[in-house]
Each structure stands twice: as C-alpha cells, then as structure tokens.
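Each chain, written out:
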Amino acid sequence: MITITDLSHGILRIPALSIEPGITTVFGPNGAGKTTLLSVTAGVILPEAGLILIDGSPPRSCEIGWVSEFPDRNILFERVFDEIAAPLRFRRLPMEMIEDRTMKIAERLSISRLLNRKMRTLSGGEKVLVALATALVTSPLLLVIDEADSHLDEETAWEMQDALRSNQPPYVLQSSQYQNIADVSDDHIRIHEGFVISRGMNQDG
Ligand SMILES: Nc1ncnc2c1ncn2[C@@H]1O[C@H](COP(=O)(O)OP(=O)(O)OP(=O)(O)O)[C@@H](O)[C@H]1O
C-alpha cells in the first residue's frame with residue numbers, strides 16, 4: 001500500500017491517504033495539484049512536510065517509472081531501441097540482458113516494429129507507447145503517468161490504457177483528462193485546490 005501522512009507541499013494538504021495496488025487516476029481542474037501529488041509520491045520532489053511510504057519504503061528507495069505530459073521533451077536517443085534500453089544501460093546491466101528486456105517490453109506493448117525507427121519519425125501516440133516502454137523496462141514498483149494522454153486522441157488514449165492493463169506494475173498512479181478513463185481505473189482520487197475531495201474506489205475496495 002502507498003500511504004501518505006500529514007502531507008503539505010505547495011498547494012497540497014493531505015492529512016491521510018492510502019492507495020492500494022492497481023491503477024489509480026488522479027483527477028481535478030487545472031492547478032488542482034495533480035502533478036504536485038504525482039511528483040512527491042514518485043520522490044521527484046521531497047515534500048515540505050509529511051511522510052510518503054510505498055510498501056513501507058520511501059519513494060527514493062523504490063524503482064519508479066515516469067511518463068511525462070510531454071514525452072517528446074525527454075527523448076535522449078535517436079533510435080527507438082536505444083531510447084527504451086537507456087534506463088538499463090544507465091544501470092550498466094549486461095548487454096544480453098539489456099537486449100532481452102528491451103525486446104520483451106516492446107513485444108508486450110506491441111511496438112516491436114518500431115524498434116529500429118528514428119524517434120523523430122514516430123507519431124505522438126507511438127512516442128507515448130515508447131515512453132511507456134522506457135518507463136516499464138526496469139519493472140518499476142510504481143509507474144507514474146502525468147497527463148501523457150492529454151495530447152492523444154481518445155482512441156489512442158484507450159490503446160495506452162489497454163497496454164497498461166496488460167503490462168501493469170504493482171502500482172500505477174496517473175492523471176488523465178478523460179473522465180471515463182478514471183471510471184475504469186481501480187480507484188480515483190479527485191483533488192481540488194490541493195485537497196482530496198472524493199475517492200472513487202470500488203464499493204468493495
Ligand atoms: N515549483 C512551483 N513553485 C510554485 N508554484 C508551483 C510550483 N509547481 C506548481 N505550482 C503551483 O501549484 C499549483 C498546482 O500545480 P500542479 O501542476 O500540481 O497542478 P495540476 O493539477 O497538475 O495542473 P494542470 O492540470 O494545469 O497541469 C498551481 O497553482 C501551480 O502554479
């Protein structure tokens with residue numbers, strides 16, 4: 001379980017929040033604090049006050065994948081294969097392991113055909129799937145997706161959800177502009193002006 005206790009950071013004020021494994025969608029108007037909540041939960045920023053634990057460990061001790069709102073801006077390499085393999089290369093894993101894991105995640109996301117393409121030639125939706133593969137290749141405990149679907153048409157956004165469902169890490173925390181995507185998540189958290197105003201957990205959750 002992810003537990004958030006006495007969190008205060010910028011606009012965010014969350015006395016207590018727990019998130020079960022599964023896909024959780026964070027909802028709220030512009031400026032509500034969605035990205036801030038995702039960032040502190042992922043350990044990208046340390047909260048001004050409060051405690052966040054993921055299965056009992058602080059976020060910075062956990063393997064975390066991040067797909068940003070603008071995957072285009074975070075591209076490091078020219079070739080798709082190298083982009084997806086990058087997190088493994090940074091960890092200096094053996095070459096065979098890097099190849100194997102990169103091919104497997106591409107296969108699981110049905111993007112093997114893109115592996116030899118140049119990143120700049122991909123469509124917006126394909127770039128998001130590559131960003132998803134790059135975030136998943138290290139088998140993270142938590143995958144964070146910050147409005148990566150906000151520049152996708154709804155059909156492509158659903159494709160991303162399908163890819164996510166079938167390659168799901170233990171925890172997925174995403175913000176999305178599509179209400180019906182939140183509705184099919186395991187849980188959703190609605191925030192407004194930094195406060196959690198409702199939860200949409202399944203009745204038996
Ligand atoms: N580094 C920062 N310094 C000061 N204010 C910030 C900083 N980051 C975010 N904010 C402010 O905190 C509030 C919440 O921002 P946040 O990006 O978390 O909202 P959001 O719900 O993700 O919004 P959007 O849907 O527009 O992306 C906003 O008013 C924003 O201007």
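Counting of residues starts from 1 at the beginning of each chain's written sequence and follows it residue by residue. Thresholds applied to this predicted model are a pLDDT of at least 70 for local features of residues and 80 or more for the giving and counting of side-chain atom pairs; totals over whole chains, interfaces and linings are not thresholded and use all residues.

Per an unreviewed UniProt entry, the protein chain is named ABC transporter domain-containing protein, and its organism is Methanocalculus chunghsingensis. If you open the UniProt record of the protein chain and go to Subcellular location (unreviewed entry), you find "Cell membrane". UniProt positions are given in the numbering used here, feature names are shortened, and annotations may be inferred rather than shown by experiment.

S.K.: An account of helix α2 (residues 80-90) is requested, with residue identities and associated values reported.
M.R.: All of the buried residues along α2 are Val80, Glu83, Ile84, Ala85, Pro87 and Leu88. The inward-facing, buried residues of α2 contact α3 (95-108) and α4 (124-136). Immediately downstream of α2, the backbone of Arg92 shows phi near 55 degrees, a positive value. Exposure criterion: with C-beta atoms placed from backbone coordinates, a residue whose C-beta has 20 or more other C-beta atoms within 10 Å is buried, one with 12 or fewer is exposed, and one in between is partly exposed. Helix numbers and strand numbers start at the N terminus; a helix is a DSSP run of H or I with at least 4 residues, a strand a run of E with at least 2. In this description, any two residues whose backbone-derived C-beta atoms lie within 7 Å of each other are considered to be in contact.

S.K.: Give a description of α4 that names residues and reports values.
M.R.: A rise of 1.5 Å per residue sets the reference length of α4, with its 13 residues, at 18 Å; its end C-alpha atoms lie 18 Å apart and thus fit the reference within 8%. Where burial is concerned, most of α4 is hidden: 10 out of the 13 residues are buried. Among all positions in α4, only Lys127, Val128, Leu129, Val130, Ala131, Leu132, Ala133, Thr134, Ala135 and Leu136 are buried. Of the surrounding elements, those touching the buried residues of α4 are β5 (64-67), α2, α3, β6 (142-146) and α5 (154-166). Helix span, expected: 1.5 Å multiplied by one less than the number of residues in the helix.

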